[in-house]
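The residues making up each chain are set out below.
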Amino acid sequence: MARGIFDSPIVGIVNKLFVALIDAPVVGPLVRRGLINIRYVGRRSGKTIETPVGYRRSGERIVINVTSPDNKTWWRNFLGEGGPITLLKLDGQDRTGHAVTNRDDNGRVKVTVELD
């Protein structure tokens, strides 16, 4: 499967830039309104992985819409019954929850997180 831009080393650089913005003292709180760093353990690799994602929040529920899901794999860790996830620096602290992936008939993917 061709991965296009997501196979480029530029993606790693852009992700590092977004993580830096999330952690920046002045703009960080503004950036964190729609962008957050998540941490999870890969179900096949067993490795701890962190990646920035866009999100929407409604109370104790977080929804992550996955852009270009066929070019990414991280969301597959939450298929079926889902699994644990940590949202870094949400409300100023790391918050854990349970994430479940859903794919609709049009191929759109969203990961829903119920916070602990």
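Residues numbered from 1 in each chain as written. Predicted model: local features only at pLDDT ≥ 70, side-chain atom pairs only at ≥ 80, totals over all residues. Heavy atoms only, no water.

Asker: How would you explain the overall build of the protein chain if you had to name every residue and give the values?
Answerer: A tally of helices and strands in the protein chain yields 2 helices and 7 strands. Starting at the N terminus and walking to the C terminus, you meet the elements of the protein chain as α-α-β-β-β-β-β-β-β. The burial tally for the protein chain puts 34% of its 116 residues in the buried class. Across the protein chain, the fraction of contacts at a sequence separation of at least 24, relative to all contacts at a separation of at least 6, is 42%. Within the structure as shown, the protein chain displays about 7200 Å² of accessible surface, and the carbon and sulfur contribution to it stands at 54%. (Helix = DSSP H or I, 4+ residues; strand = E, 2+ residues; numbered from the N terminus. Buried < 20%, exposed > 50% of the residue type's maximum accessible area, 1.4 Å probe, protein only. Contact = heavy atoms within 4.5 Å. Areas by Shrake-Rupley, 256 points an atom, 1.4 Å probe, with all protein chains shown as cover.)

Asker: A description of the nonpolar core should follow, citing residues and the corresponding values.
Answerer: Counting residues in each nonpolar core, the largest one holds 19 residues, and the members touching the most others are Ile38, Ile62, Ile64, Trp74, Leu87, Val111 and Val113. Those elements that provide at least two residues to this core are strand 1 (35-41), strand 4 (61-66), strand 5 (83-90) and strand 7 (109-115). In terms of residues, this core owes the most to one element, strand 7, which gives 4 residues. (Core = buried A, V, L, I, M, F, W, Y, C linked by side-chain atoms within 4.5 Å.)

Asker: Tell me what's going on with the packing of aromatic side chains, and back it up with residues and numbers.
Answerer: In the structure shown here, the tally under the stated rule is 2 aromatic pairs. An angle of 70 degrees between the planes, with centres 5.6 Å apart, marks the rings of Tyr40 and Phe78 as edge-to-face. Of this pair, Tyr40 sits in strand 1 while Phe78 sits in the loop between strand 4 and strand 5; the two residues are 38 residues apart in sequence, bridging distant segments of the chain. The exposure classification of Tyr40 matches that of Phe78, with both residues buried. Centroid distance Trp74 to Phe78: 6.4 Å. Interplanar angle 70 degrees. Geometry classified as edge-to-face. Look at Trp74 and you get buried, because its relative accessible area is 11%. (Phe/Tyr/Trp six-rings, centres within 6.5 Å; stacked < 30°, edge-to-face > 60°.)

Asker: Go over the confidence of the model for the protein chain, please, and point to the residues and values.
Answerer: Close inspection of predicted coordinates is inappropriate in any region flagged by low pLDDT. With 83% of its residues at a pLDDT of at least 70, the protein chain reaches an overall mean of 86. Mean pLDDT across the elements of the protein chain ranges from a minimum in helix 2 (residues 28-31), with 68, to a maximum in strand 7, with 98. (pLDDT = per-residue confidence, 0-100.)

Asker: Account for the pattern of salt bridges, naming residues and giving values.
Answerer: Under the counting rule described, the total for this entry stands at 8 salt bridges. Taking the shortest distance from any N to any O, the salt bridge between Arg61 and Glu114 comes out at 2.5 Å. With Arg61 in strand 4 and Glu114 in strand 7, this pair connects stretches of sequence that are 53 residues apart. By relative accessible area, Arg61 is classed as partly exposed at 42%. A relative accessible area of 34% means that Glu114 is categorised as partly exposed. In this structure, Arg108 engages Asp104 in a salt bridge whose closest nitrogen and oxygen atoms are separated by 2.9 Å. Judged by relative accessible area, which is 53%, Arg108 ranks as exposed. Given the relative accessible area of 31%, Asp104 is considered partly exposed. (Salt bridge = Lys/Arg side-chain N within 4 Å of Asp/Glu carboxyl O.)

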